[in-house]
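Examining the three-dimensional arrangement
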Amino acid sequence: MTSSLSMAQKDVEKWKLQLALGLNNPVDRGGAEGYYSKQVNFPTINLGVQHMFSNDLGAKLDLGYNRAAAHSGSLPYKMNYTRINVQAVYDFKDLLTFLPPPIGVVAHAGPGVSMTKPLGAYADNTYTYVNVLGGLEVHYRLSRSVSIFVDGGYAYSLSGSDKYNVATDGFSFNGDLAYVAFGVSISLSGCHYCN
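All figures in this text were calculated on a predicted structure; none of them were measured in a lab.

1. Things to note about the overall build of the protein
Within the protein, the regular secondary structure consists of two helices and eight strands. Taken from the N to the C terminus, the helices and strands of the protein come in the order α-α-β-β-β-β-β-β-β-β. Relative to its 195 residues, the protein shows a buried fraction of 41%. Counted over contacts in the protein with a minimum sequence separation of 6, partners at least 24 positions apart contribute 66%. Entry remark: accessible area of the protein is about 10400 Å², with carbon and sulfur atoms responsible for 66%.

2. Section: empty space enclosed by the protein
Under the criterion given, the structure shown has one cavity of 30 Å³ or more. Taken as a whole, the largest cavity spans an internal volume of roughly 80 Å³. Every residue lining the largest cavity is listed: Q18, L19, A20, N46, L47, G48, K60, D62, E137, F149 and D151. Of all the secondary structure elements, the ones that give two or more residues to the lining of the largest cavity are β1 (15–27), β2 (41–52), β3 (57–69) and β7 (146–157). Its residues placed into classes, the lining of the largest cavity shows four nonpolar, three polar and four charged.

3. Some points on the pairing of β2
Across a regular strand the side chains alternate sides, sitting on one face of the sheet and then on the other. Here β1 runs beside β2; their pairing, made up of nine bridges, is antiparallel. The partner of L19 across the bridge, within β2, is L47.

4. Here we look at the pattern of salt bridges
Enumeration over the complete set of coordinates arrives at three salt bridges. Where E137 meets K60, a salt bridge forms, and the shortest distance between an N and an O atom there is 2.8 Å. In this pair, E137 sits in strand β6 (residues 127–141) while K60 sits in strand β3, placing the two residues 77 residues apart along the sequence. Classification of E137 by relative accessible area gives buried; the value is 1%. In this structure, D62 engages R83 in a salt bridge whose closest nitrogen and oxygen atoms are separated by 3.0 Å. With D62 in strand β3 and R83 in strand β4 (residues 78–91), this residue pair connects regions lying 21 residues apart in the sequence. Judged by relative accessible area, which is 5%, D62 ranks as buried.

5. Here we look at the nonpolar core
Counting residues in hydrophobic clusters, the biggest one holds 16 residues, and the most contacted among them are Y77, M79, Y81, F171 and F173. Sorting the residues of this core by element identifies β4, β6, β7 and β8 (176–187) as the ones contributing at least two each. Top element by residues in this core is β8. It accounts for three residues. Apart from residues lying up to four places away in sequence, F171 is in contact with Y35, Y77, M79, P118, Y122 and N125.

6. Examining the confidence of the model for the protein
Of all residues in the protein, 85% attain a pLDDT of 70 or more, and the chain-wide mean is 88. Per-residue pLDDT stays below 50 along residues 1–9; that stretch engages in five contacts with residues further than four places along the chain or on separate chains. Predicted confidence is poor over residues 191–195, with pLDDT under 50, and the contacts of this stretch with residues over four places away or in other chains come to five contacts.

7. Concerning the environment of A20
As for its placement among the helices and strands, A20 is situated in strand β1. The class for A20 is buried, based on a relative accessible area of 5%. Residues contacting A20, with those up to four places away along its chain left out, are T44, I45, N46, F149, A181, F182 and G183.

8. Digging into the sheet that holds strand β5 (residues 103–118)
Strand-to-strand pairing in sheets goes through backbone hydrogen bonds, with the strands running parallel or antiparallel. Read around the closed barrel, eight strands run β1-β2-β3-β4-β5-β6-β7-β8, paired in antiparallel fashion. This sheet shows a mean twist of 25 degrees between the axes of neighbouring strands, independent of strand direction. Across 14 bridges, β5 lies against β6 in antiparallel orientation. The residue of β6 that forms the bridge with V106 is E137.

How each quantity is defined
Residues numbered from 1 in each chain as written. Predicted model: local features only at pLDDT ≥ 70, side-chain atom pairs only at ≥ 80, totals over all residues. Heavy atoms only, no water. Helix = DSSP H or I, 4+ residues; strand = E, 2+ residues; numbered from the N terminus. Buried < 20%, exposed > 50% of the residue type's maximum accessible area, 1.4 Å probe, protein only. Contact = heavy atoms within 4.5 Å. Areas by Shrake-Rupley, 256 points an atom, 1.4 Å probe, with all protein chains shown as cover. 1 Å grid on protein atoms, 1.4 Å probe; cavity = no way out; pocket = protein on both sides within 12 Å on 5 of 7 lines; lining within 4 Å. Points joined across faces, edges and corners; volume = space filled by probe spheres on them. Nonpolar A, V, L, I, M, F, W, Y, C, P; charged D, E, K, R; others polar. Pairing = 2+ DSSP bridges. Salt bridge = Lys/Arg side-chain N within 4 Å of Asp/Glu carboxyl O. Core = buried A, V, L, I, M, F, W, Y, C linked by side-chain atoms within 4.5 Å. pLDDT = per-residue confidence, 0-100. Axes fitted to C-alpha atoms, helices over the stretch in contact; angles between N-to-C directions.

Printed below as a string of C-alpha cells:
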C-alpha cells in the first residue's frame, strides 16, 4: 500500500496551464525569391493545457502565435504564423534521477495545423497545412503549484512545395518554424494542497 501511494501521480501535477513568451525563426525550405526573414523574430506566444496520465506520460493541447518580419536585405513584409498542436508529453524525472528535485526535463511531440498569413499587400497569400512539432522543456519548480521553464521547439511543415508550382504575387510562407520561449506552468488541479 505504501509503495503504490508513493508511485501515484501527485494531484497537483495532473492538470497544468502553461504560458510562454519568446523568439522564433521561420525556415522556408522552398526559398521565396527576394523574401528573407530575420533570424530572430519577436514575439512567440505559446498557451497550452497539459494533463499527465501517469508519473511520466501525458498529453497537451497548445496554441502558438508567432510574428516574423523581413530581414534588412529582403523585400518588405510581415507575417503571422499560428499553430495548434496535440502532443504527447514525457517527463524524464524517473530517468534523470541525478538532477536536483526542483529541476525537471519534459519532451513533447505531436501533429498539428499551421496557419500563415502575410500582413499588408499580400494578405491573400494565406496557407493552412499540417505540421509535426517536437520540443524539450526544462522546468524549475518554484512551489508545489508553479514552475518556470524554457521550451525549445521545431514545427516541421508537411505542406511540400506546392506554392512554388503556381506563380504567387508577393510574399507567402508554408515552411518550418523554430522557437525558444520562456514561461510559467501553473497547476490547475490539487490546489487544496497549494499555499
